[in-house]
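# Geometric and topological summary
Okay, here's what each chain looks like letter by letter:
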Amino acid sequence: MDYLYSILILVGIYVVLASSFNLIIGNAGLVSIAHPIFFALGAYTAGLTAIHFGLHAIVATLAGAVVAALFSLMMSLPSLRVSGDYLMITSIGFQLGLLQVIKNVEFTGSQGGLSNIPTPVTGPYRGLVYSVVSLAIAAAVVWMIRWIVRGPYGRAITAMRDDELAFLALGRDAMRIKIVIFAVGCGLAGIAGGLYAFYYQYVSPEQFEILASAAMLTMVVVGGMGSTLGPVVGAVLLIALPQAITFLELPPGIMAPLQGMLFTLLVIVFMFIRPQGLISPEGPTPLPGHRHGNRSGPR
Amino acid sequence: MNAVLTLDGLCKSFGGIVVADHITLELERGQILGLIGPNGAGKTSLFNLISGVVPPDAGDIRLNGVSILARPPYQRARMGIARTWQQMRLFRTMTVLENMVVAPREYAAESILNLVFKPGAVRRADEIACEQAMRILERMHLSQCADSLVTDIPFGQQKLVGLARALMNDGPCLLLDEPMAGVEGQAYDTMKAVVRQEAAAGRAVCVVEHNISFIKDLCTSAVFMSFGAILEQGSVADLLASKSLAELYFGP
């Protein structure tokens, strides 16, 4: 049973991560792949404030979200000047640089990671409580993102992604929207970080490397970039699939590389067969008395 | 002094290429000013300077007598400088109507705080923008494609949507970058009629255009540019009769 709970908790965490990542990269078209570092900022902040200041898990998780949102300015400010590939390279630099700092300062536990994070829930129902909380947060996050991207705000985000220069020349303040999108998206990753820290009670720097960026990107791409439910499907699939393979009882020499290749393989297959992902973007809510044009199919 | 837009000694060069060489120009209410000249003369660059996409090296830009040089592009648009683009730059994953509804000078939903705390006001603003957009589309005989994706309609109509979207900004100044390139038939007549109506309603209009008959039909005056400088300025008839213009356009 604990095995099932641990998967459910991971699914919840990764639904939050993939959905918030999709808001940034899919809906707003801001090509950053530094999302894991905001996950890390949330996890470390939550863990550290709980250890040193005795903050309650909920407060510590919120603190993690706030710190991640504040640090997101380091992505939204460069996005004022650079976009596309250049923004992506900036984001890699930011992610690796900050990770180097985490690995080398003392108070984060350096290379060895941060351990002995206190858990607010103990006893036989620990797994159950964490799964319920994790899935509830995931549902709330998906609902909130859907609310953001479907209304008139979503229409503005879409317009900005389609053509930023035209968007500016219509009187829209693209910078303000970018700051909000990065803050919301990264803040949500911070919440996922808090959840992670309190469940595992241990955070280590390796899990926030580029490989984690690749995993989140795969979830978004396979699920469907720019669609609200896509990243949910992507996260569930990519958490479940490696677990399912273990039941095949393959020899470990094949198993390990197979799991590693799975993500890469899926991205390549989807690029060719279904570039829009499993679920196509649905676009904003129709205006009163109007309908949408045909949005299906690759763009 | 009833100039809506004043350009005062505007200079800009990219490396050795001069795109604006001491441009001094006034645009008045109700005027339709034609901006003509060979490719690379700096006509579109002038629009980019006015709308704030590119900062000038020297000179000043005033809207109703107030310098707007320090304003970023989005604020200039909110002050009432609307523009279209030669390449249209429509929002390609959105419908015609959606393209227009994000284009009013003030967009209540731009602030996420409004969205949370004043959802009623946001919804009302959306409805008003929607009605305004439908009125403009009707004027341009486009209401039947309001719900089509912009990429699904013919080129001439996309060009009209570019103008329609700019008209959502009801400010005093309208800059049109080659509105006629690739447009013919009914769309051509519609474009001409709408531009004329906008000027009659008191807007200051400036048109960059290669189509001389469009300039002749519509413009009250014209400016001839070459290598970033204004060579001649006056009534369209005078300009077209000028020898130096014909030489520059068609060769000696």
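Residues numbered from 1 in each chain as written. Chains lettered and ligands numbered in written order. Predicted model: local features only at pLDDT ≥ 70, side-chain atom pairs only at ≥ 80, totals over all residues.

### A few points about the overall build of chain A
Selection criterion: Secondary structure follows DSSP: runs of H or I at least 4 residues long count as helices, runs of E at least 2 residues long count as strands, and numbering of each begins at the N terminus. Atoms counted for the radius of gyration: C-alpha only. Globule rule: 2.2 Å times residue count to the power 0.38. Each residue is classified by how many other C-beta atoms fall within 10 Å of its C-beta atom, where C-beta atoms are placed from the backbone; a count of 20 or more means buried, 12 or fewer means exposed, and values in between mean partly exposed. Two residues qualify as a contact pair if the distance between their C-beta atoms, derived from the backbone, is within 7 Å.
On a plain count of helices and strands, chain A comes out with 13 helices and zero strands. Beginning at the N terminus, the succession of helices and strands in chain A can be written as α-α-α-α-α-α-α-α-α-α-α-α-α. Taking 2.2 N^0.38 as the reference for a compact globule, 299 residues should give roughly 19 Å; the C-alpha atoms of chain A span a radius of gyration of 19 Å, in line with that estimate. Each principal axis of the C-alpha distribution contributes one length, and for chain A these read about 55 × 45 × 35 Å. Within chain A, buried positions represent 48% of all 299 residues. Sequence separation of at least 24 residues holds for 76% of the intrachain contacts in chain A that already meet a minimum separation of 6.

### A closer look at the packing of helix α12 (residues 230-246) of chain A against helix α13 (residues 252-273) of chain A
All names here are of chain A. For the record, the criterion: The convention used is that axes are lines fitted to C-alpha atoms, helices contributing only their stretch in contact, and that angles between N-to-C directions extend from 0 to 180 degrees. Angle categories: roughly parallel below 35 degrees, roughly antiparallel above 145, roughly perpendicular from 65 to 115, and oblique for all the rest. By definition, any crossing whose near helix is turned counterclockwise from its far helix by less than a right angle is left-handed, and any crossing with a clockwise turn is right-handed. Think of it as three bins: nonpolar holds Ala, Val, Leu, Ile, Met, Phe, Trp, Tyr, Cys and Pro, charged holds Asp, Glu, Lys and Arg, and polar takes everything else, Gly as well.
In contact at an axis separation of 10 Å, α12 and α13 are set at 160° when each is read in the N-to-C sense. With respect to α13, the element α12 is oriented roughly antiparallel. Along this stretch, α12 crosses α13, giving a crossing that reads as right-handed. Each of Leu238, Leu241, Pro242 and Ile245 in α12 lies in contact with α13, whose residues at this interface are Met255, Leu258, Gln259, Leu262 and Phe263. Split into classes, the residues belonging to the contact of α12 with α13 amount to eight nonpolar, one polar and no charged.

### Details of the packing of helix α11 (residues 210-223) of chain A against α12(A)
Residue and element names in this part refer to chain A. Between α11 and α12, whose axes approach to 7 Å, the crossing angle comes to 120°. By the angle class used here, α11 and α12 are oblique. Pair α11 / α12 crosses with right-handed handedness. Touching Ala215, Thr218, Met219, Val220, Val222 and Gly223 of α11 are Gly230, Pro231, Val232, Val233, Gly234, Ala235, Leu237 and Leu238, all from α12.

### Observations regarding the interface of chain B and chain A
On the side of chain A, 27 residues touch chain B, which itself brings 35 residues to the contact. Put simply, the parts of the chain that give the side of chain B that touches chain A at least two residues each are α2 (73-78), α3 (96-101), α4 (112-117) and α5 (119-139) of chain B. When the residues that make up the side of chain B that touches chain A are grouped by side-chain class, the tally is 19 nonpolar, five polar and 11 charged.

### Describing the sheet that holds strand β3 (residues 32-36) of chain B
Residues and elements named next belong to chain B. Selection rule: Two strands qualify as a pair provided that DSSP identifies no fewer than 2 bridges between them.
A sheet is described by the order of its strands in space; here six strands give the open sequence β6-β7-β8-β3-β9-β10, paired in mixed fashion. Since the sheet does not close on itself, it has two edges, and those belong to β6 (81-83) and β10 (229-234), each with one partner. Mean inter-strand twist for the sheet, computed between neighbouring axes without regard to direction, equals 20°.

### Here we look at the environment of B:Thr44
All names here are of chain B. Residue placement: Thr44 occurs in helix α1 (residues 43-51). Taking the C-beta count within 10 Å as the criterion, Thr44 has 19 such neighbours and is therefore assigned partly exposed. Along the primary structure Thr44 and Ala164 are separated by 120 residues, whereas in three dimensions their C-alpha atoms are 20 Å apart. Sequence-distant contacts of Thr44, defined by excluding residues within four places in its chain, comprise Gln86, Asp177 and Val208.

### Examining helix α1 (residues 2-27) of chain A
Residues and elements named next belong to chain A. Stated formally: Multiplying 1.5 Å by the helix residue count minus one yields the expected span of that helix. The quantity called bend is, for any residue, the angle between two axes fitted respectively to the seven residues ending at it and the seven beginning at it.
Here α1 contains 26 residues, and its C-alpha end-to-end distance of 36 Å stays within 8% of the 38 Å for a straight helix at 1.5 Å per residue. For α1, the principal kink sits at Phe21 and spans about 25°. After α1 finishes, the residue Gly29 shows a positive phi value of roughly 65°.

### Focus on the confidence of the model for chain A
The cut-off we apply is this: Confidence of the predictor at the level of single residues is given by pLDDT, which spans 0 to 100.
Mean pLDDT for chain A: 91, with 97% of residues reaching 70 or above. Across residues 294-299 of chain A, where pLDDT falls below 50, the model places eight contacts with residues more than four positions away in sequence or in other chains.

### Overview of the pairing of strand β2 (residues 17-28) of chain B
Residue and element names in this part refer to chain B. With eight bridges joining them, strand β1 (residues 3-14) and β2 adopt antiparallel strand pairing. Within the sheet, the bridge partner assigned to Thr6 lies in β2 and is Glu26. Two successive antiparallel strands, β1 and β2, enclose a turn made up of two residues, where Gly15 displays a positive phi of approximately 60°.

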